[in-house]
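# Structural overview
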Number of protein chains: 4
Amino acid sequence: MQLGMVGLGRMGANLVRRLMRGGHECVVYDVDAAAIDALAAEGAVPAHSLAELVERLEGPRNVWVMVPAGYVGGTVDQLAELLAADDTIIDGGNSYYRDDIARSAQLAERGIHYVDCGTSGGVWGLDRGYCLMIGGDDDAVARLDPIWRTIAPGDGADAGVEPTPGRTPGGTAQEGYLHCGPSGAGHFVKMVHNGIEYGMMAAVAEGLSIIKNADVGLRTHAVDAETTPLRNPEFYQYEIDVAEVAEVWRRGSVVGSWLVDLTAAALAADPDLDAFGGRVSDSGEGRWTVLAAVEEGVPANVIQASLNARFSSRDLNDYQDKVQSAMRSQFGGHHETAAEASHETPATDAVDETRRATQEPAGG
Amino acid sequence: MQLGMVGLGRMGANLVRRLMRGGHECVVYDVDAAAIDALAAEGAVPAHSLAELVERLEGPRNVWVMVPAGYVGGTVDQLAELLAADDTIIDGGNSYYRDDIARSAQLAERGIHYVDCGTSGGVWGLDRGYCLMIGGDDDAVARLDPIWRTIAPGDGADAGVEPTPGRTPGGTAQEGYLHCGPSGAGHFVKMVHNGIEYGMMAAVAEGLSIIKNADVGLRTHAVDAETTPLRNPEFYQYEIDVAEVAEVWRRGSVVGSWLVDLTAAALAADPDLDAFGGRVSDSGEGRWTVLAAVEEGVPANVIQASLNARFSSRDLNDYQDKVQSAMRSQFGGHHETAAEASHETPATDAVDETRRATQEPAGG
Amino acid sequence: MQLGMVGLGRMGANLVRRLMRGGHECVVYDVDAAAIDALAAEGAVPAHSLAELVERLEGPRNVWVMVPAGYVGGTVDQLAELLAADDTIIDGGNSYYRDDIARSAQLAERGIHYVDCGTSGGVWGLDRGYCLMIGGDDDAVARLDPIWRTIAPGDGADAGVEPTPGRTPGGTAQEGYLHCGPSGAGHFVKMVHNGIEYGMMAAVAEGLSIIKNADVGLRTHAVDAETTPLRNPEFYQYEIDVAEVAEVWRRGSVVGSWLVDLTAAALAADPDLDAFGGRVSDSGEGRWTVLAAVEEGVPANVIQASLNARFSSRDLNDYQDKVQSAMRSQFGGHHETAAEASHETPATDAVDETRRATQEPAGG
Amino acid sequence: MQLGMVGLGRMGANLVRRLMRGGHECVVYDVDAAAIDALAAEGAVPAHSLAELVERLEGPRNVWVMVPAGYVGGTVDQLAELLAADDTIIDGGNSYYRDDIARSAQLAERGIHYVDCGTSGGVWGLDRGYCLMIGGDDDAVARLDPIWRTIAPGDGADAGVEPTPGRTPGGTAQEGYLHCGPSGAGHFVKMVHNGIEYGMMAAVAEGLSIIKNADVGLRTHAVDAETTPLRNPEFYQYEIDVAEVAEVWRRGSVVGSWLVDLTAAALAADPDLDAFGGRVSDSGEGRWTVLAAVEEGVPANVIQASLNARFSSRDLNDYQDKVQSAMRSQFGGHHETAAEASHETPATDAVDETRRATQEPAGG
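Residues numbered from 1 in each chain as written. Chains lettered and ligands numbered in written order. Predicted model: local features only at pLDDT ≥ 70, side-chain atom pairs only at ≥ 80, totals over all residues. Heavy atoms only, no water.

The name given to chain A in an unreviewed UniProt entry is 6-phosphogluconate dehydrogenase (Decarboxylating), and the organism recorded there is Litorihabitans aurantiacus. The UniProt entry for chain A carries the following comment under Sequence similarities (unreviewed entry): "Belongs to the 6-phosphogluconate dehydrogenase family." (UniProt positions renumbered as here; feature names shortened; annotations may be inferred.)

Shown next as structure tokens:
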């Protein structure tokens, strides 16, 4: 089948490669001519403008847009001017599903189909295949079946994925792609997928931190009148190799998952994670998932907490922490102290009003 | 190698089977004679008392205890009376790691080794192998290496687990078992493993609920003066097949995991989950993980929220909800209403003080 | 000063009463003629239609709209047809601040001022005064100063509120009303106020539940192979009078607050809260506060958790709980049991994979 | 009545002052002689050793211990040696209630009473009175009634606290002190009180942060291919005076509370909170409250989240954030970037796998 690809970044380029391996013909365009040349060298048909890309495709055309979120709207608008009725635009990025609803309605006026496709797999997708969550009208989605089938991982015989016990075989989900519903449904499912990913990542990270700090009873704590010592240091004497724990969980455990695989790889390469500052970005998907949960009335403490953890990792909690320090200063004359500022004593309980008030040691 | 197994429930029996497949000799005991007979028929050496089990083992003996948590202490005490110096007891259940520390110290007085082994894998472990997290003294753990190696999944060539990129090959973690540290370290790591499992499960469950409720804009909402209608019902018009979503995520997605595999299986068997009431038990591990986080000073909002979600699933939030209803009744004369009681209107925003106060419709 | 009041529910009527006590002239309208008559009997000028209300006011007119959120838009539209340039509409309800921005822009085209006023105080405001958070253009807000001053509590000499130490006297905040900013700012601040209220209420409710359950060690627990008993029942032997605790906290404690006052009143009237089912409504404000936090990137775990607690109080967690039960059923053959279903055993830790697998009691 | 006070820090000294104002005779001791002299100058009877303090009291003696938590045990042990049967020790600090249970049992062997008394009020208590939560045997607590009555705020006529509507007058709670139950009950209730305080403080702090950041739409955002711009900057254009908001909430609002009073005072003194670094200490009480909630099976997301916020304020989240950064680096080649590191762009949504993969701008 023939497909135009607009945007040849890492994911766009790998999608093209996977499609060409599957025997499809790809016409490719990017603002960066070098990216076009590279794929042309691998067999793709180069186009040096959107217009040329459209020209080189036979109708009904299929154009996959794989550009940064901020550029999707403009790209789609330009394509709409060049395409004809019954052509199809696929947005394979991480657009907000509400934009899909608007865009598909606009394009429908010209008879152009619009398909939203949440694409998961990252840099590993070229070999592993990409999980596809698709939204749009039935005709357009059905027509593209050969494309989905090639990009998706397939039924997993070679990927080590066994059939789901008890499931009636059939449908495309077992091949790794799914038509989820009308416009926006693909990006909606991908959005929530990313929300779950946030929660899983945070669960793993919290757990590994609890294991990492299992040695807290071994650390020297400042002894002063303001701190409550760890009551049972004898229970926190473990120095556990976190990297090896991640590795062992890869096999046979209940938490076995691709995210644990990645964690093991990261820890194998950098056991102390020195390369990382710990400022965790959040993409729109996590925020949008929380907004959807709130509007639907679904209690989603875990996903929300994982989003907030990313905010805090970037110090967006600073103001509210200052407010709390200021309150404490008022009600007990507590001032932030060296003890409070020390990073070395996570387990020491710090002062509260009574203790502080009696900080002059007394009575033996 | 020779091993005694005390406790032939599903997990104990499957461990015996896996060990026998691997060429080990197992002496087996259970309070239920039928369980002994069943395994004897498969080749195990039957013992009809702890004393007989100990007798049938050559020293230094290895006895694996796989009994409910409430029975571990008593069983270990009885075994201690029967065993000799240099023998080893393995606790393969989900004991609290603090009990391991106490028990190993007691047994050390008699020269008996005590090894704690967190065992993950559930009913699937017989074929897939069990992930083993081990604590105890070096000698005892090393001596049992043939046992660990047989029970664990192995390096995964046949399980579809690829080597971790960048990891220097070697060690046992890549075989699926790990000596984590001294007494209690195995159960500590297993405890946290289960805490992570709680978080992952809750993340998946929340996400699927957000997808399930993507149709909230389609539902009829009670129209009354007390409720704020969903502002944008047009964005919540999706009726998405949750079972198929779980299935598609099994292949190539970032959330791919054994828990998603299980979810897909559960939904394939019972798409509306009618068989389940939704009362989610919590085992000690989840609670203990939170206690450890608190004592270590590790912020663990996700794991804590997932534990609390289990509490709420069993209605343990009832009292505090009544307190809130009572407060609301005080400050605005809000009474719980049919609208509030309705389960059909998750997205309707309910009354607050102002609205309630003006519930008599007014002004056109 | 002269003011028209549209909407004579509990709050609208009490605002009128407070204004009349302060010497203002109120023209009143409601769709319920009896409500009009009642206030007319107390000295208000009755109007039997919006048109009549407008007629009876001298320009520039001030019309306060105090109707349920769902009716604000329609009421404002009708008023806009009747009013003239330089007249002012005040929305005293709990509208979404984004609607204020839109409405004020629309009305500005006709030269009509639009003021949004978040009004806190509930049924107690008639005597205590209402806290007012105001948004809108400077002229309109300034012109209404006599109205704000009468409705607000005043500087608190008689309300027992002492001046804030260190604050330079002046401004209106010390009188209990504040011009927060341009259109929407009043409702924005009121929205967040309600979000904080959610968090405070949940904190009190959680705490009282912890006190209520301090007797958990006294309760009989089912003894079975699947449950971990409470490790230290001796620490949970308290039967504490929750109502008296709320009462004592009213005086001199750090948590002293109006919400604790209300809690004490509710518990005094109904110590076991038998009148309440515990289905806690949520108004738009709580949801909107969370949406704002997410869009601003502010980590707000406490307010979010309190909103989610309200969702769960209304069983909106049911589906996700079923998903978790279904997963557990898959990985260990766990079925929901009577023990899990029992409400009487909050502290019993329930089965997990290992225990369940070995539920046949074993080994003495 | 006669009382010995051990520990003359701010709170111990103020308790003595309040007791002397009420006509009681106080014998005072501290390791710091200057503290003794200061109070002697105000009329207290000085003692220069515990032995002297005990000598100067007539039996049955009452000795109030008000020393830092770490010193309570030693002080009580020394006093036990000096006191006689039927004497009473009062621990007025923030001891863990489990220690009370142990200490009271030990002292009971000598016939000495032990009373635990949670004392709230901070530096304000001298004038306002202290809220007292008391545990211990009936006789000892009853005998001390004149002491409690003097220290507590009283029924509030002069403190502006009105009687709880509907409450049957009587009991001591309305005077601001309460015998909560046997040993430990006082500190248990005080512990939970502090847990609630954590939750309330965090709710206020989060809310004020949402108000502070209501100007996020006004800030310049970095424009790059990796960030999703704030979708609706027009809704976040408010520059709101946070100090004035706290002030206005003091009067007539639902969130009116002593904590809001303190917040207003703090913001009046330092509107930008420049004096604070935002490292918020946590005392034992917050942690213990969470432990109790977990052991009782009470879902307490709000209190737990507020405790975790304090952990994160002291950077105890660093390791888990690094784990998350490391995972992201693995699955999409995401590296932490200047954009991610920027503190100026809280509302910019950062890159995820797709966007990153296509960071070379493409397609117009």
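Having seen it, we continue.
### Examining the overall build of chain A
Scanning chain A from terminus to terminus reveals 16 helices and 8 strands. Within chain A, the proportion of its 364 residues that are buried is 68%. Total accessible area on chain A is roughly 10700 Å²; 49% of this is exposed by carbon and sulfur atoms. (Helix = DSSP H or I, 4+ residues; strand = E, 2+ residues; numbered from the N terminus. Buried < 20%, exposed > 50% of the residue type's maximum accessible area, 1.4 Å probe, protein only. Areas by Shrake-Rupley, 256 points an atom, 1.4 Å probe, with all protein chains shown as cover.)

### Quick notes on the relation of the copies chain B and chain D
With an RMSD of 0.0 Å, chain B superimposes on chain D once it is rotated by 180° and translated 0.0 Å along the axis. On the angle and the small slide along the axis, the relation comes out as a two-fold axis. The rotation axis passes nearest to the C-alpha of Leu291 of chain B in chain B, at a distance of 3.1 Å. (Least-squares fit on C-alpha atoms with pLDDT ≥ 70 in both.)

### Describing the sheet that holds strand β4 (residues 62-65) of chain D
Backbone hydrogen bonds hold the strands of a sheet together, and the pairing may be parallel or antiparallel. Residues and elements named next belong to chain D. Across the sheet, which stays open at both edges, the 8 strands sit in the order β3-β2-β1-β4-β5-β6-β7-β8 with mixed pairing between neighbours. The sheet terminates laterally at β3 (45-46) and β8 (177-181), the two strands that pair on one side only. In this fold helix α5 (residues 97-108) packs onto β5 (88-91) and β6 (113-120), with an angle of close to 150° to the strand it touches most, β6. (Pairing = 2+ DSSP bridges. Contact = heavy atoms within 4.5 Å. Axes fitted to C-alpha atoms, helices over the stretch in contact; angles between N-to-C directions.)

### Examining the packing of aromatic side chains
One pass over the structure, following the stated rule, counts 32 aromatic pairs over all chains. Note on Phe235 of chain A and Tyr97 of chain B: the rings are 6.4 Å apart at their centroids and 85° apart in plane angle, and the pair reads as edge-to-face. Residue Phe235 of chain A is found in the loop between α9 (185-212) and α10 (242-249), and its partner Tyr97 of chain B is found in helix α5 (residues 97-108); the two belong to separate chains. There is no split in this pair, since Phe235 of chain A and Tyr97 of chain B are both buried. With 5.6 Å between their ring centres and 85° between their planes, Trp124 of chain D and Trp258 of chain D make a pair best called edge-to-face. In this pair, Trp124 of chain D sits in the loop between β6 and α6 (125-128) while Trp258 of chain D sits in helix α11 (residues 258-269), placing the two residues 134 residues apart along the sequence. (Phe/Tyr/Trp six-rings, centres within 6.5 Å; stacked < 30°, edge-to-face > 60°.)

### A few points about the interface of chain B and chain D
If you look at the interface, chain B gives 22 residues, while chain D gives 22 residues. Buried area between chain B and chain D, both sides added, is near 1800 Å², and the carbon and sulfur share of it is 58%. Looking at the side of chain B facing chain D, the largest losses of area belong to Val294, Pro299 and Asn308 of chain B, adding up to 31% of the total buried there. Here chain B and chain D share 0 salt bridges between them. On the surface where chain B and chain D come into contact, there are 10 residue pairs in polar contact (both at pLDDT 80 or more). At the level of elements, α12 (284-296) and α13 (301-313) of chain B are the ones that each hand at least two residues to the side of chain B that touches chain D. Among the elements that make up the side of chain B that touches chain D, the one with the highest residue count is α13 of chain B (7 residues). Across the side of chain B that touches chain D, the residue classes break down as 12 nonpolar, 7 polar and 3 charged. (Buried area = accessible area lost by both parts, 1.4 Å probe. Salt bridge = Lys/Arg side-chain N within 4 Å of Asp/Glu carboxyl O. Polar contact = N/O pair within 3.5 Å; in protein donor to acceptor, adjacent residues only side chain to side chain. Nonpolar A, V, L, I, M, F, W, Y, C, P; charged D, E, K, R; others polar.)

### Some details on the state of the cysteines
Note on terminology: a disulfide is the covalent bond linking the sulfur atoms of two cysteines. All names here are of chain C. According to the stated counting rule, one finds 0 disulfides over all chains in the structure shown. Here Cys26 is not cross-linked by a disulfide; its sulfur's nearest cysteine counterpart is in Cys117, at 14 Å. With no disulfide partner, Cys117 has as its closest neighbouring cysteine sulfur the one in Cys180, 9.2 Å distant. On the accessibility criterion, Cys117 (0% relative accessible area) is buried. (Disulfide = S-S within 2.5 Å.)

### A few points about the pattern of salt bridges
Taken as a whole and assessed by the stated rule, the structure comprises 78 salt bridges over all chains. Residue Glu81 of chain C pairs with Arg110 of chain C through a salt bridge whose shortest N-O separation is 3.1 Å. Taken together, the residues span a long stretch of sequence, with Glu81 of chain C in helix α4 (residues 69-82) and Arg110 of chain C in the loop between α5 (97-108) and β6 (113-120) at a distance of 29 residues. With relative accessibility at 42%, the residue Arg110 of chain C sits in the partly exposed group. With a closest N to O distance of 3.0 Å, Arg167 of chain C and Glu244 of chain D form a salt bridge. Taken together, the residues span two chains, with Arg167 of chain C in the loop between α8 (145-151) and β8 (177-181) and Glu244 of chain D in helix α10 (residues 242-249). Of the two residues, Arg167 of chain C and Glu244 of chain D, both sit in the buried class. One network of salt bridges, in which partners are shared, links Arg167 of chain A together with Glu244, Glu247, Arg250, Arg251 and Asp261 of chain B.

### A closer look at the sheet that holds strand β1 (residues 2-6) of chain B
Residues and elements named next belong to chain B. Sheet architecture is open: 8 strands sit in the order β3-β2-β1-β4-β5-β6-β7-β8, paired in mixed fashion. In the strand order of this sheet, the two ends are held by β3 (45-46) and β8 (177-181), each with one partner. As paired strands, strand β7 (residues 131-135) and β8 are joined by 4 bridges and run parallel to one another. Within β8, the position partnered with Met133 by the bridge is Leu178.

### Considering the side chain of Arg98 of chain D
In this fold, Arg98 of chain D is placed in helix α5. Its relative accessible area of 14% is what places Arg98 of chain D among the buried residues. Separated by 3.0 Å, the side chains of Arg98 of chain D and Glu295 of chain D make a polar contact. Residues in contact with Arg98 of chain D, not counting those within four places in the same chain, are Phe235 and Tyr236 of chain C together with Glu295 of chain D.

### Here we look at the side chain of Ser313 of chain B
Inspection of the secondary structure assignment puts Ser313 of chain B in helix α13. Setting aside residues no more than four positions away along its own chain, Ser313 of chain B makes contact with Gly278, Arg279 and Val280 of chain B together with Asn317 and Asp321 of chain C.

### Things to note about helix α4 (residues 69-82) of chain D
All names here are of chain D. The end-to-end C-alpha separation of α4 is 21 Å, in line with the 20 Å expected for 14 residues at 1.5 Å each. All buried positions along α4 are accounted for by Val72, Gly73, Thr75, Val76, Leu79 and Ala80. At its buried positions, α4 is contacted by β1 (2-6), α3 (50-55), β4, β5, α5 and β6. (Expected span 1.5 Å × (residues − 1).)

### Details of helix α1 (residues 10-21) of chain C
Residue and element names in this part refer to chain C. Here α1 contains 12 residues, and its C-alpha end-to-end distance of 16 Å stays within 8% of the 16 Å for a straight helix at 1.5 Å per residue. Inspection of α1 places Met11, Gly12, Ala13, Asn14, Leu15, Val16, Arg18, Leu19 and Met20 among the buried residues, and these make up the whole buried set. Just downstream of α1 lies Gly23, where phi reads positive at about 90°.

### Details of the packing of helix α9 (residues 185-212) of chain B against helix α10 (residues 242-249) of chain B
Residues and elements named next belong to chain B. The interhelical angle for the contact between α9 and α10, taken along N-to-C directions, is 135°, at an axis separation of 10 Å. Considering the angle they form, α9 stands oblique to α10. Handedness of the α9/α10 crossing: right-handed. Two secondary-structure elements touch here, α9 through Leu208, Ile211 and Lys212 and α10 through Val242, Val245 and Trp249. By residue class, the composition of the contact of α9 with α10 is 5 nonpolar, no polar and 1 charged. (Parallel < 35°, antiparallel > 145°, perpendicular 65-115°, else oblique. Left-handed = near helix turned anticlockwise from the far one by under 90°.)

### Here's the deal with the packing of helix α9 (residues 185-212) of chain C against helix α12 (residues 284-296) of chain C
Each pair of packed helices can be described by the angle between their axes along with the distance between the axes. Residue and element names in this part refer to chain C. Orientation of α9 relative to α12, taken along the N-to-C sense of each, is 105°, at an axis distance of 8 Å. In terms of orientation, α9 and α12 fall into the roughly perpendicular class. Listed contacts from α12 to Phe188, Met191, Val192, Asn194, Gly195 and Tyr198 of α9 are Glu285, Gly286, Trp288, Thr289, Ala292 and Glu296. In the contact of α9 with α12, the residues fall into 6 nonpolar, 4 polar and 2 charged.

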